[in-house]
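Residue strings, one per chain:
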Amino acid sequence: MNRIDQKFAELREKKQSGFIPFISVGDPDLRTSVDIVKTLEEAGAAMVELGVPYSDPLADGPVIQRSSLRALQGGRISILDCIQVAKQARSEGCELPFILFTYFNPVLQTGLERIFPLLQESDISGLIIPDLPMEEDEEVRAMAAQYGIHLIPLVAPTSKERVQRIVSRASGFVYCVSSLGVTGTRTEFHTGIDEFLSTVKASTDLPVAIGFGISNNEQFKRFSGVCDGIVVGSALVRQIEEALPQLTDPNAKSEGLLQIRNFVKALIE
Ligand SMILES: O=P(O)(O)OC[C@@H](O)[C@@H](O)c1c[nH]c2ccccc12
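Calculation notes
Residues numbered from 1 in each chain as written. Predicted model: local features only at pLDDT ≥ 70, side-chain atom pairs only at ≥ 80, totals over all residues. Heavy atoms only, no water. 1 Å grid on protein atoms, 1.4 Å probe; cavity = no way out; pocket = protein on both sides within 12 Å on 5 of 7 lines; lining within 4 Å. Points joined across faces, edges and corners; volume = space filled by probe spheres on them. Helix = DSSP H or I, 4+ residues; strand = E, 2+ residues; numbered from the N terminus. Nonpolar A, V, L, I, M, F, W, Y, C, P; charged D, E, K, R; others polar. Buried < 20%, exposed > 50% of the residue type's maximum accessible area, 1.4 Å probe, protein only. Contact = heavy atoms within 4.5 Å. Right-handed = clockwise from strand over helix to strand, strands pointing away. Pairing = 2+ DSSP bridges. UniProt positions renumbered as here; feature names shortened; annotations may be inferred. Near = heavy atom within 4 Å. Polar contact = N/O pair within 3.5 Å; in protein donor to acceptor, adjacent residues only side chain to side chain. Areas by Shrake-Rupley, 256 points an atom, 1.4 Å probe, with all protein chains shown as cover. Salt bridge = Lys/Arg side-chain N within 4 Å of Asp/Glu carboxyl O.

Visitor: Please give an account of empty space enclosed by the protein that cites residues and values.
Guide: Counted according to the given criterion, the structure contains one cavity of 30 Å³ or more. Within this model, the largest cavity holds a volume of roughly 60 Å³. Contributions of two or more residues to the lining of the largest cavity are made by strand S1 (18-24) and helix H3 (62-73). Among the residues forming the lining of the largest cavity, the class breakdown is eight nonpolar, three polar and one charged.

Printed below as a string of structure tokens:
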């Protein structure tokens, strides 16, 4: 059974919502990304989105854009580097399900025929490609299914009649975007968000996760119990940004990781 399926089954058993953090791999460096992943697990993450930094992150707000730039400062970070971070974390005892999060261009550069066997042998359970249009996802879906990798779709409040089509082809879970626009913390969400979530949940037996803009415990609680998973990217990446002086100092790295742990604990308690 895919680790994502196992994890959501456990969460449903415990009637809990899973915390799904997103990080840019390589920010500030690959080794620290392994340490951050392990810290997220200790702090209570259910699974983790490993973001492949990209030079043209169209769907990302300023926080993740800065994070991608920092990661790419030390030279190109490939999908293979991100897979290596997952393998290293696993080898150091991390049991989290890994979701590779990448724009479509790096996937094409690496080659579909190469990526999927690698994801499978690296025990990476899911893949999110935010700019893969449903109309062009045939080949990617077939390869993902062949290698047992969940290709997780994004559904936006404006998806309306497309919801059924997107959800009917979904695998693993359905990622509901809470608002329109780019990633980044928000004070309020799309007006019809509750109705939108009900529509998606009524359209699938798959777990449903919500993301975009969630940055504090009040917002986390608002969606707990309503969704099976809650994705937080920018608010966490911002914490990593603030902890950079510690994370990049060998003598203070553990202090930086503790700051991240404390942020997550307060976010999801
Ligand atoms: O950053 P936020 O607002 O917490 O949203 C999660 C988001 O970061 C993560 O899932 C993500 C990162 N880049 C994306 C691009 C498109 C959709 C989603 C994403």
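Visitor: Mind laying out the side chain of Thr183, listing which residues take part and the relevant values?
Guide: Looking at the element boundaries, Thr183 is found in the loop between strand S7 (174-177) and helix H9 (193-203). We classify Thr183 as buried; its relative accessible area is 14%. In contact with Thr183, other than residues within four places in its own chain, are Ala59, Asp60, Gly61, Ile64, Phe212 and Ser234.

Visitor: Requested: an account of the pairing of strand S8 (residues 208-211), with residues and values cited.
Guide: Here S8 shows no split at all, with Val208 and Ile210 on one side and Ala209 and Gly211 on the other all buried. Considered for its hand, the β-α-β crossover made up of S7, H9 and S8 is right-handed. Here two bridges tie S8 to strand S9 (residues 229-232), and the two strands are oriented parallel to one another. Its bridge partner lying in S9, Ala209 is registered against Gly229.

Visitor: Account for the UniProt feature "active site" (unreviewed entry) in the chain, naming residues and giving values.
Guide: Sequence positions flagged by UniProt for "active site" (unreviewed entry) are, in local numbering, Glu49 and Asp60. Checking the named residues against the largest cavity, the ones that line it are Asp60. Tracing the backbone through its elements, the reader meets Glu49 in strand S2 (residues 48-51). With residues up to four places along the chain from it excluded, the contact list for Glu49 reads Ile20, Pro21, Phe22, Ile23, Ile99, Phe101, Ile128, Tyr175 and Val231. One can find Asp60 in the loop between S2 and H3. Contact partners of Asp60, with chain neighbours within four places excluded, come to Gln65, Tyr103, Val182 and Thr183.

Visitor: Could you give an account of the site of the ligand, naming the residues involved and the relevant values?
Guide: Near the ligand there are 18 residues, and of these Asp60, Tyr175, Gly213, Gly233 and Ser234 occur at the shortest range. Residue Tyr175 places a side-chain N or O atom 2.7 Å away from an oxygen atom belonging to the ligand. Gly233 places a main-chain nitrogen or oxygen 2.8 Å from an oxygen atom of the ligand. Relative to its unbound accessible surface of 430 Å², the ligand loses 99% to contact with the protein.

Visitor: Residues and numbers for the pattern of salt bridges, please.
Guide: Close approach of charged atoms allows side chains with opposite charge to pair. A complete count under the given rule lists 20 salt bridges for this structure. Connected through shared salt-bridge partners, Asp27, Arg66, Arg70, Arg238, Glu241 and Glu242 make up one network.

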